[in-house]
Amino acid sequence: MGGTKSGSHGGPDDPFEEGGSSLLRQPKAVWATAGASVVAFMGIGLVDPILPSIARGLHATNSQVSLLFTSYFLITAVAMLITGFVSSRIGGRKTLLAGLALVVVFAALSGMSGSVGELVGFRAGWGLGNALFVSTALAVIVGAAAGGSSAAILLYESALGLGMACGPLLGAVLGDMKWRYPFFGTAVLMAVGFIAITAFLKEQPKPAARTSLLAPVKALGHGGLAATAASAFFYNYAFFTVLAFTPFVLNMSPYKSGGVFFAWGVLLAVFSVLVAPRLQRRFGSLKVLCGSLLLFAADLVVLGYGDHTTAIVCTVLAGAFIGLNNTVFTELALGVSDAPRPVASAGYNFVRWFAAAAAPFLAPKIEEWTDIHLPFVVAAVAAVTGAGIVAVRRRALTMEAEEQAPQHATEDGVTAFAR
C-alpha cells in the first residue's frame with residue numbers, strides 16, 4: 001500500500017530523496033534478484049527482431065509464429081494462480097531457483113526446436129518458469145530492498161525496462177547469425193542468474209499462513225484491485241500488439257528491428273523509473289494513467305496509418321507511454337487493496353497476462369481478415385477502454401488512500417493521489 005500512496009505524492013518513501021541513494025544502496029541479494037529479473041524480461045522481447053527469421057526458418061505463417069507469445073503468456077497467466085501457493089510452502093528463494101531452472105531448460109530446448117509446434121510448446125514451459133520467477137522476484141525485492149517499497153518497485157521497473165531494451169538487442173545480434181542462438185544465449189544468462197541467486201540470496205522467512213490456490217482470485221473481489229486488473233487487461237492488449245505484431249509491419253532486418261526495439265526499451269526504462277514518479281507527484285497517479293493511456297491510443301492509430309518512417313517513430317515513442325503505464329499499474333496493484341502484496345500481484349497478473357496472450361494471436365488474424373491498419377485501431381480502442389475503466393472506477397482506486405490518510409499522508413498528498 002505504501003508503494004501506491006507514496007509514489008503518488010512523494011512522501012517519506014520517496015526513492016529520489018538524497019539524490020536517489022535509497023534506490024541505489026541495496027543489499028547484494030536485491031541486486032542478484034534484480035539482475036536475474038533483467039534477463040527474465042529480456043526473454044519477452046528477445047524474439048521480436050527474429051520473428052520473421054523464425055517464420056522463414058520453420059516455414060511458418062506470421063500468425064503461427066505469433067503463438068510464441070500466446071503460449072508463453074497463456075501459461076504465465078494460469079501459473080500466476082500457483083506462484084503464491086508454491087512460494088508460501090517452499091520459500092521465495094527455492095521458488096526463484098525453480099523458475100530459473102525451468103527457463104534454462106526450456107530456453108535451450110526452444111533453440112533446438114525442429115518445428116513451430118515444438119517451439120510454441122517449449123515457450124509454454126518457458127512461461128511457467130518465468131511466472132514462478134518474475135512474480136516471486138517482485139515480492140523478494142520489495143521484502144529485501146532498502147529505502148521502502150517505492151524504491152523496490154522502481155528497482156523492479158528498472159529491471160523490466162533494461163530487460164525490455166536489451167532483449168531485442170541480444171535477439172538481433174545473436175539472431176543475425178542464426179535464429180536459434182538467442183534462445184541458447186538466454187539459457188546461458190539465466191544459468192548465470194541461477195548461480196547469483198544461489199550465492200547471494202538467503203532463504204527468507206516463509207509467510208505465517210500458506211497461500212491457497214484461490215487466494216489471488218478471491219483478492220480480485222476487492223473493487224479497486226478488480227478495476228486495476230480490468231484496466232490493465234485492455235492496456236496489455238495494446239502493449240503486446242506493439243511488441244508482437246509491429247515487427248511484421250516494420251519488416252526489417254534483425255539488426256534494424258533490434259535497434260528500433262532497443263530505443264523503444266530505453267524510453268520504457270527512462271519513463272518508468274525517472275519520469276513516472278515525478279509526474280505522479282505533480283499530477284496524481286490516476287491522471288497520469290488516464291492521460292498516458294489516451295496518448296498511447298493516439299500513438300497506435302498514427303502507427304497503424306503512417307508511412308514506414310512514422311511507424312518506426314511511433315513504435316519507439318510507444319515505449320514512453322508503456323513505461324508510465326507499467327509503473328502506475330504496478331503501484332496500484334500492490335497498494336490499492338488490503339491483500340498481501342504477493343497475492344494481490346498474482347491476482348492482477350492472472351487477469352492482465354490473458355490479454356498479453358490474446359493480442360499476439362488476434363492481431364495477425366485481424367490483419368488476415370481485414371487489413372494491416374485495423375489491428376492498431378483495435379489496440380487503440382483497448383487502450384481507451386482501459387482509461388475509461390480508470391475514470392469510471394476512480395472512487396474504488398482512491399478509497400484505500402482516503403482511508404489510510406491519517407496514518408500515511410498529509411491532506412495535500414491524498415488530494416494529489418485522488419487527482
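Residues numbered from 1 in each chain as written. Predicted model: local features only at pLDDT ≥ 70, side-chain atom pairs only at ≥ 80, totals over all residues. Heavy atoms only, no water.

Draft legend 1. Local environment of the side chain of Thr70. Note that Thr70 resides in helix α5 (residues 62-90). One polar contact links the side chain of Thr70 to the main-chain amide nitrogen of Phe361, over a distance of 3.5 Å. (Helix = DSSP H or I, 4+ residues; strand = E, 2+ residues; numbered from the N terminus. Polar contact = N/O pair within 3.5 Å; in protein donor to acceptor, adjacent residues only side chain to side chain.)

Draft legend 2. How the structure looks around the packing of helix α12 (residues 254-283) against helix α14 (residues 308-335). With their axes 7 Å apart at the nearest point, α12 and α14 run at an angle of 40 degrees to one another. By the angle class used here, α12 and α14 are oblique. Like other packed secondary-structure pairs, α12 and α14 cross with a definite hand, here right-handed. Among the residues making up the contact of α12 with α14, the classes are represented as 18 nonpolar, seven polar and one charged. (Axes fitted to C-alpha atoms, helices over the stretch in contact; angles between N-to-C directions. Parallel < 35°, antiparallel > 145°, perpendicular 65-115°, else oblique. Left-handed = near helix turned anticlockwise from the far one by under 90°. Nonpolar A, V, L, I, M, F, W, Y, C, P; charged D, E, K, R; others polar.)

Draft legend 3. Quick peek at the environment of Phe73. Note that Phe73 resides in helix α5. In sequence terms Phe73 and Leu128 are 55 residues apart; their C-alpha atoms lie 8.8 Å from each other. In contact with Phe73, not counting residues within four places along its chain, are Ile44, Phe240, Trp353, Ala356 and Ala357. (Contact = heavy atoms within 4.5 Å.)

Draft legend 4. View of the packing of aromatic side chains. By the definition in use, this model includes 17 aromatic pairs. Summarising the aromatic geometry, the rings of Phe239 and Phe240 are spaced 4.3 Å apart at their centres and angled 25 degrees between planes, so their arrangement reads as stacked. The exposure class of Phe239 is buried, given its relative accessible area of 3%. A ring pair is formed by Phe240 and Trp353, whose centres lie 5.9 Å apart and whose planes are at 65 degrees; its orientation type is edge-to-face. A residue pair is termed long-range when its members are at least 10 positions apart, and Phe240 in helix α11 (residues 223-250) and Trp353 in helix α15 (residues 341-369) qualify at 113 residues. One exposure class covers both Phe240 and Trp353, and it is buried. Between the NZ or CZ atom of Arg123 and the centre of the ring of Phe69, over which it lies, the distance is 6.0 Å. (Phe/Tyr/Trp six-rings, centres within 6.5 Å; stacked < 30°, edge-to-face > 60°. Buried < 20%, exposed > 50% of the residue type's maximum accessible area, 1.4 Å probe, protein only. Lys NZ or Arg CZ within 6 Å of the ring centre and 35° of its normal.)

Draft legend 5. Molecular detail of unusual backbone geometry. Of note in the backbone geometry, His59 takes a positive phi value of approximately 55 degrees without being a glycine. In this fold, His59 is placed in the loop between α4 (51-57) and α5. Under the relative-accessibility criterion, His59 is labelled exposed at 74%.

Draft legend 6. Layout of a nonpolar patch on the surface. On the surface, Leu169, Val173, Tyr255, Phe262, Val266, Val270 and Leu274 cluster together into a nonpolar patch covering about 530 Å² of accessible area. Those elements that place two or more of their residues in the nonpolar patch are α8 (148-175) and α12. Mapped onto the fold, Val270 is located in helix α12. (Patch = residues over 30% accessible without salt bridge, like charges linked within 9 Å, V, L, I, M, F, W, Y side chains within 5 Å. Areas by Shrake-Rupley, 256 points an atom, 1.4 Å probe, with all protein chains shown as cover. Salt bridge = Lys/Arg side-chain N within 4 Å of Asp/Glu carboxyl O.)

Draft legend 7. Layout of the confidence of the model for the protein. The pLDDT averaged across the protein works out to 82; a share of 87% of its residues lies at or above 70. Below pLDDT 50 for its whole length, residues 15-21 participates in 15 contacts with residues either more than four positions away or in separate chains. Residue range residues 399-419 is modelled with pLDDT below 50. Its contacts to residues more than four positions away, or to other chains, number 38 contacts. (pLDDT = per-residue confidence, 0-100.)

Draft legend 8. Layout of helix α6 (residues 92-111). Over its 20 residues, α6 runs 29 Å from end to end, which matches the ideal 28 Å to within 8%, given 1.5 Å per residue. Every buried residue of α6 is listed here: Gly92, Thr95, Leu96, Leu97, Gly99, Leu100, Val103, Ala107, Ser110 and Gly111. Taken together, the buried residues of α6 touch α3 (28-45), α5, α7 (116-144) and α9 (181-200). (Expected span 1.5 Å × (residues − 1).)

Draft legend 9. Here's a closer look at the nonpolar core. In terms of nonpolar packing, the biggest core is built from 126 residues, with Ile54, Phe73, Phe183, Phe240, Trp264 and Phe296 touching the most fellow members. Considering each element in turn, this core owes the most residues, 15 residues, to α11. In contact with Trp264, other than residues within four places in its own chain, are Met164, Phe239, Val242, Leu243, Thr315, Val316, Ala318, Gly319 and Ile322. (Core = buried A, V, L, I, M, F, W, Y, C linked by side-chain atoms within 4.5 Å.)

Draft legend 10. Here's a closer look at α3. End to end, α3 covers 27 Å across 18 residues, agreeing with the expected 26 Å (1.5 Å per residue, within 8%). In terms of burial, α3 is a largely internal element, 15 of the 18 residues being buried.

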